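Residues per chain are reported as follows:
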Amino acid sequence: QVQLVESGGGLVQPGGSLRLSCAASGTFFSSIVMGWYRQASGKQRELVAAITGGGGATYIDSVKGRFTISRDNAKKMVYLHMNSLKPEDTAVYYCKSISSNAWGQGTQVTVSS
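Thresholds, definitions, all that
Note on numbering: residues in each chain are counted from 1, in written sequence order. It should be noted that, the model being predicted, local features are given only for residues of pLDDT at least 70 and side-chain atom pairs only at 80 or more, the latter also being counted only at that level, while totals for whole chains, interfaces and linings use all residues. For the side-chain quantities, the full set of heavy atoms in the structure was used; hydrogens and water were omitted. If DSSP finds at least two bridges between two strands, the strands pair. Helix and strand definitions here come from DSSP, where helices need a minimum of 4 consecutive H or I residues and strands a minimum of 2 consecutive E residues; each element is numbered from the N-terminal end. When the sulfur atoms of two cysteines come within 2.5 Å, that pair is taken as a disulfide. Under the scheme applied here, a residue whose accessible area is under 20% of the maximum for its type counts as buried, over 50% as exposed, and between as partly exposed, the area being computed with a 1.4 Å probe on protein chains only.

Caption draft 1: Fine view of the pairing of strand S3 (residues 18–26). Here strand S1 (residues 2–7) runs beside S3; their pairing, made up of 6 bridges, is antiparallel. If you follow Val 2 over to S3, its bridge partner there is Gly 26. In terms of strand pairing, S3 meets strand S8 (residues 77–82) through 6 bridges, oriented antiparallel. Within the sheet, the bridge partner assigned to Leu 20 lies in S8 and is Leu 80.

Okay, structure coming up:
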């Protein structure tokens, strides 16, 4: 029972940084595992990072050391800090509860010179 609004995407040059934000609403936010997903053109949607209610995080290998997921349970916010961005990071990024099938609109990240 979570509604999601993603923001913070945009156009950035290779090597640049962005911070994506996800504003959530609903019950039991602090106890659910949240994830950031992305879908590039012509590719399958993939989970790139996940975070437990207590702050434990995991990442797909391709973003380890570059991306950091975090959350603020009091504000019902989830963040994805993205550094050293590469063209292959270009995608629509979504946040979602791992256990839910409810998706927001996503936010477009384009990495290009």
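Caption draft 2: Region of the structure containing the state of the cysteines. Taken as a whole, this structure holds 1 disulfide when the rule is applied. Disulfide partner of Cys 22: Cys 95, at an S-S distance of 1.8 Å. In this structure, the disulfide formed by Cys 22 and Cys 95 twists by about 60° around the S-S bond and is classed as right-handed. Pair noted here: Cys 22 is in strand S3 and Cys 95 is in strand S9 (residues 91–97), with a separation of 73 residues, a long-range link. You can call Cys 22 buried: its relative accessible area is 0%. For Cys 95, a relative accessible area of 0% puts it in the buried group.

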